[in-house]
Amino acid sequence: MGERRFYHGGDYNPEQWLKMPEILNKDLELMEKARVNIVTLGVFSWSMLEPEEGKYDLDWLADIIDKLYARGISVDLATPSAAKPAWLAQKYPEVLRVGANRVREKYGNRHSHCYTSPVYREKVRAVDQALARRFGAHPGVVMWHISNELGGECHCELCQNAFREWLRGRYGSLDKLNEAWNSAFWSHIYSDWSQIESPAPHGEGAMHGLILDWKRFVTQRTLDFYRMERDAVRELVPGAKFTVNMMYRFDGLDYYKFAPGLDMISWDDYPTWHKAGESDEEIALKSSMMHDFFYSLKGQPFWMMESSPSMTNWQPVSKVKKPGVQMLSGLNAVAHGADAVMYFQWRQSRGAVEKFHGAVVGHDGREDSRPFRETAELGKALEALSPIAGALRAKEAAIVYDVESKWAMEGAQGPRNIGLGYWDEVMLHYRALQKRAVTVDFVNEDGDISGYKLVVCPMLYMLREDFCEKLRAFVAGGGTLVLTYWSGVADETDLCRLGDTPYGLTDVLGLRRLEIDGMYDGETRRCVPVSAENAPEAFGRVLCEVAEVSTAKPLYKYAEDYFKGAPAAAVNFFGNGRTYYLATRFEPGFYSELYAKLAADLFDSPIKQPLPEGVLPAKRGDWLFVQNTTGEEAEAMDAKLPPYGTLILNLKTGERLIY
Ligand code: GAL
Ligand code: ZN
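Residues numbered from 1 in each chain as written. Chains lettered and ligands numbered in written order. Predicted model: local features only at pLDDT ≥ 70, side-chain atom pairs only at ≥ 80, totals over all residues. Heavy atoms only, no water.

A. The overall build of the protein, seen in detail. Within the protein, the regular secondary structure consists of 17 helices and 25 strands. Computed over the C-alpha atoms, the radius of gyration of the protein is 26 Å, within 12% of the 26 Å expected from 2.2 N^0.38 for a compact globule of 659 residues. Taking the principal axes of its C-alpha atoms as reference, the protein extends roughly 75 × 70 × 40 Å. When each of the 659 residues of the protein is scored for burial, the buried share is 60%. Sequence separation of 24 or more characterises 70% of the internal contacts of the protein that already satisfy a separation of 6 or more. Accessible area for the protein stands at about 26,000 Å²; split by element, carbon and sulfur atoms hold 51% of it. Between the mean site of the 76 positive side-chain charges and the mean site of the 91 negative ones, the protein shows a separation of 2 Å. (Helix = DSSP H or I, 4+ residues; strand = E, 2+ residues; numbered from the N terminus. Rg over C-alpha atoms; globule rule 2.2 N^0.38 Å. Buried < 20%, exposed > 50% of the residue type's maximum accessible area, 1.4 Å probe, protein only. Contact = heavy atoms within 4.5 Å. Areas by Shrake-Rupley, 256 points an atom, 1.4 Å probe, with all protein chains shown as cover. Lys, Arg positive; Asp, Glu negative; His and termini not counted. Charge placed at Lys NZ, Arg CZ, Asp CG, Glu CD.)

B. Fine view of the coordination of the zinc ion (ligand 2). Protein-derived coordination of the zinc ion (ligand 2) comes from Cys114 (SG), Cys154 (SG), Cys156 (SG) and Cys159 (SG), at a distance range of 2.3 Å. Each of the 4 donor atoms bound to the zinc ion (ligand 2) contributes to angles spanning 101 to 113°, and the resulting shape is tetrahedral. Of note, the donors binding the zinc ion (ligand 2) are all from one chain and are spaced C-x39-C-x1-C-x2-C. Here Cys114, found in the loop between helix H4 (86–91) and helix H5 (118–135), pairs with Cys154, found in the loop between strand E4 (141–145) and helix H6 (157–171); they are 40 residues apart in sequence, far enough to count as distant. Take Cys154: its relative accessible area is 5%, and that puts it in the buried class. (Donors = N, O, S within 2.8 Å, 3.2 Å for Na, K, Ca; no water. Tetrahedral: all angles 85-135°; square planar, octahedral: opposite > 155°, others 65-115°.)

C. Up close: the pattern of salt bridges. In this structure the tally under the stated criterion is 55 salt bridges. Asp446 serves as the salt-bridge partner of Arg464, at 2.8 Å between the closest nitrogen and oxygen. Taken together, the residues Arg464 in the loop between strand E11 (454–457) and helix H15 (465–476) and Asp446 in the loop between strand E10 (440–443) and E11 connect sequence positions 18 residues apart. Here Arg464 falls in the buried class, since its relative accessible area comes to 13%. Between Arg526 and Glu537 there is a salt bridge; the shortest N-O distance is 2.4 Å. Of this pair, Arg526 sits in strand E14 (residues 525–529) while Glu537 sits in the loop between E14 and strand E15 (538–549), and the two are 11 residues apart along the sequence. Linked by salt bridges that have partners in common, Arg170, Asp213, Arg216, Asp254, Lys257 and Glu404 make up one network. (Salt bridge = Lys/Arg side-chain N within 4 Å of Asp/Glu carboxyl O.)

D. Representation of the site of ligand 1 within the structure. Close to ligand 1 lie Phe44, Arg110, Asn148, Glu149, Asn245, Asp268, Tyr270, Glu306, Trp314, Phe344, Glu354 and His357. Glu306 places a polar side-chain atom, nitrogen or oxygen, 2.8 Å from an oxygen atom of ligand 1. A distance of 2.7 Å separates an oxygen atom of ligand 1 from a polar atom in the side chain of His357. Relative to its unbound accessible surface of 310 Å², ligand 1 loses 95% to contact with the protein. Residues belonging to the shell around ligand 1 are distributed by class as follows: 4 nonpolar, 3 polar and 5 charged. (Near = heavy atom within 4 Å. Polar contact = N/O pair within 3.5 Å; in protein donor to acceptor, adjacent residues only side chain to side chain. Nonpolar A, V, L, I, M, F, W, Y, C, P; charged D, E, K, R; others polar.)

E. How the structure looks around the packing of aromatic side chains. Applying the stated rule across the entire model yields 35 aromatic pairs. Ring geometry for Tyr171 versus Trp181: centroids 6.4 Å apart, planes at 80°, classification edge-to-face. Placement of Tyr171 in helix H6 and of Trp181 in the loop between helix H7 (174–180) and helix H8 (208–236) is noted, with a sequence separation of 10 residues between them. Residue class for Tyr171 comes out buried when judged on its relative accessible area of 11%. (Phe/Tyr/Trp six-rings, centres within 6.5 Å; stacked < 30°, edge-to-face > 60°.)

F. Inspection of the packing of helix H3 (residues 59–70) against H5 at higher detail. Where H3 meets H5, the closest approach of the two axes is 11 Å, and the angle between their N-to-C directions is 45°. In terms of orientation, H3 lies oblique with respect to H5. Two packed elements cross with a definite hand, and for H3 against H5 that hand is right-handed. Judged by residue contacts, Asp59, Leu61, Ala62 and Ile65 of H3 engage Leu131, Arg134 and Phe135 from H5. Of the residues assigned to the contact of H3 with H5, the class counts are 5 nonpolar, no polar and 2 charged. (Axes fitted to C-alpha atoms, helices over the stretch in contact; angles between N-to-C directions. Parallel < 35°, antiparallel > 145°, perpendicular 65-115°, else oblique. Left-handed = near helix turned anticlockwise from the far one by under 90°.)

G. View of the sheet that holds strand E20 (residues 615–620). Strand order in the open sheet formed by 4 strands is E20-E21-E24-E25, and the pairing between neighbours is antiparallel. In this open sheet, the two edge strands, each paired with only one partner strand, are E20 and strand E25 (656–658). Within this sheet the neighbouring strands show an average axis-to-axis angle of 15°, counted without direction. Alignment of strand E24 (residues 646–650) against E25, held across 3 bridges, turns out to be antiparallel. (Pairing = 2+ DSSP bridges.)

H. Summary view of the sheet that holds strand E5 (residues 242–247). Spatial strand order, E1-E2-E3-E4-E5-E6-E7-E8: 8 strands in a closed barrel with parallel pairing. In this sheet, adjacent strand axes meet at a mean angle of 30° when their direction is disregarded. Examined bridge by bridge, strand E1 (residues 7–12) and strand E8 (residues 338–343) share 4 bridges and lie parallel to one another. Each residue of the ladder has a partner; that of Gly9, found in E8, is Met342. Against the sheet, helix H10 (residues 280–298) touches E5, strand E6 (264–268) and strand E7 (302–306), its axis set at about 160° to E6. Relative to E1, helix H12 (residues 370–384) is tilted by about 140°, and along the sheet it contacts E1 and E8.

I. Local environment of the side chain of Thr79. With respect to the helices and strands, Thr79 occurs in the loop between strand E3 (74–78) and H4. Owing to a relative accessible area of 0%, Thr79 belongs among the buried residues under this scheme. When near neighbours in sequence (up to four residues on either side) are disregarded, Thr79 contacts Gly42, Val43, Asp128, Leu131, Trp144, His145, Ile146, Ser147, Glu229 and Val233.

J. Geometry of H6. For H6, which comprises 15 residues, the first-to-last C-alpha distance of 21 Å matches the rise-based estimate of 21 Å (1.5 Å per residue) to within 8%. At its buried positions, H6 is contacted by H7 and H8. Phi for Gly172, located one or two positions after H6, is positive at around 80°. (Expected span 1.5 Å × (residues − 1).)

K. Summary view of the environment of Asn650. Counting through the fold element by element, Asn650 comes out in strand E24. Among the residues examined, Asn650 registers a relative accessible area of 8% and is labelled buried. What Asn650 contacts, discounting residues up to four positions off in sequence, is Asp622, Trp623 and Glu655. A polar atom in the side chain of Asn650 sits 3.1 Å from the backbone nitrogen of Thr653.

L. Region of the structure containing the packing of H6 against H8. Interhelical geometry of H6 versus H8 gives an angle of 105° and a closest axis separation of 10 Å. Taken together, the axes of H6 and H8 are roughly perpendicular relative to one another. The segment H6 lies against H8, with Cys159, Ala162, Phe163, Trp166, Leu167, Arg170 and Tyr171 engaging Leu210, Asp213, Trp214, Arg216, Phe217, Gln220 and Arg221. Class assignment of the residues belonging to the contact of H6 with H8 gives a composition of 9 nonpolar, 1 polar and 4 charged.

Structure below.
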């Protein structure tokens, strides 16, 4: 690594083909043709690597790694902990996960182990070290892929005890814990640590502080397991690099907490291209947003570890990618900071649950199939674009996405229990910024917001003292803050803030919250602009907050019901900066207007004219990518973009490429 080039490749499962050497030889030949330079190996190979307890058979893998290396193909070597051999589960039932219902799972599927079990940890450590010993020094192994899509939780007795220990470390005493959880509610005062149990459908579901801490504990437990695996390898391979493949909008874990311990962020991107009722622009935006989130985790390029070369087989309806969409989605990842474009999977398996999942090489084994041809084309493009690899993105705007805050907000019974639509809210801001080519990062409350010009807080329900201070300093220092309804409500153990809210920000915002009204689906509340002539009416939905202004200037007011006259949107000047407060969720047009204005004020955008519907920009380093997400030709930036085509413009040299 180090040199400027993109990685191109994907998950390779030779263990499914060991009895057909001609297929394995063909793979090498085809990989070269598809310009593959990396494969992920061994993710689900445990039962082949250790067919009997303590008896390792690594020769087949060594042979494959050597052959790949001879062809210039690197390896992202996985530890096999995501799927255990049957013998292991049979001999040591404690390794099987226990559900929230307290029922222990049977052997089957994958990702179903306990993260605490000492036996599981010991067996994983042993197989990881066998791999590290054999392959740690192999020049072809450039990355270690720990496990697979970490996630899930276990409620076994071992995990319950670990939870209690973790709580003891966090609170020190039961008194403090009872206070933090407001345990006097429904007579919950705990008098012994052993009384505390994880949430259960037939047990605890009312103590929000407990439920929130359980989620934190699950992240800690999983992270601890990750570290155990990483250290097992690192002990023997001091220079090893590590990644874990993360998932789309997955909030079972707080990914921010993983970032410092990883060398490379990677994630698995499975957009629902061509979904009925949703534009491909919207679908591209959803992936773009995740690319931006994963870039933000370390402020560094990431790997798109998995993506389907044609269809998935687990979505409700599995559409194939239309011609050109493979290129579009690969370059979209690159535009947002990916240094690797990888697929699941190289060769389509013959049996079991993924036999109809898309692959570069299908059951027909042909190289003139569409997925193969389009993969090879993308591989060629990535080679030509290698100067872009490693390029960083400018720091412009940040959206505050704090996982703990989202857990707390969604765990609370409140103004709308039929769904708060958190991601819908985030997308409204993201979409409008993205359309103006503003580079968006994501930060949580541990993050540093000082380098940004614009910070957006969509529904920042839980507002920690220290982050509140950061927001104040940010605005006082000249920053622009956009903050929505249902922010600054609770503290970090989900105790409601006493006194005026949004907590700690009433002077920064120039207003205080009086009430918040839940809205039924489809229910709207009409809002009118205060001064701007010809500005359109707007409609509030989902949640409508009522505020009383002190210094803020209303931009929109509610025009209906007893809310009439209360601010629906307001601006306030504080120190050298300003804040925009949005009391409700408007339609997309509202955000386009707002962010068009802010983008023009704050950023020097290469996009002077709004881009046509379906065309999306993104900046990376010196390059501007302009992508046509539609099946029709489009015109943008004085160029004709073919269906699903991408224009790449070097903003320094003026060089233009079209794919
Ligand atoms: C991912 C997983 C892969 C494969 C893929 C299919 O979530 O990591 O192993 O199952 O989905 O889309
Ligand atoms: Zn457990």
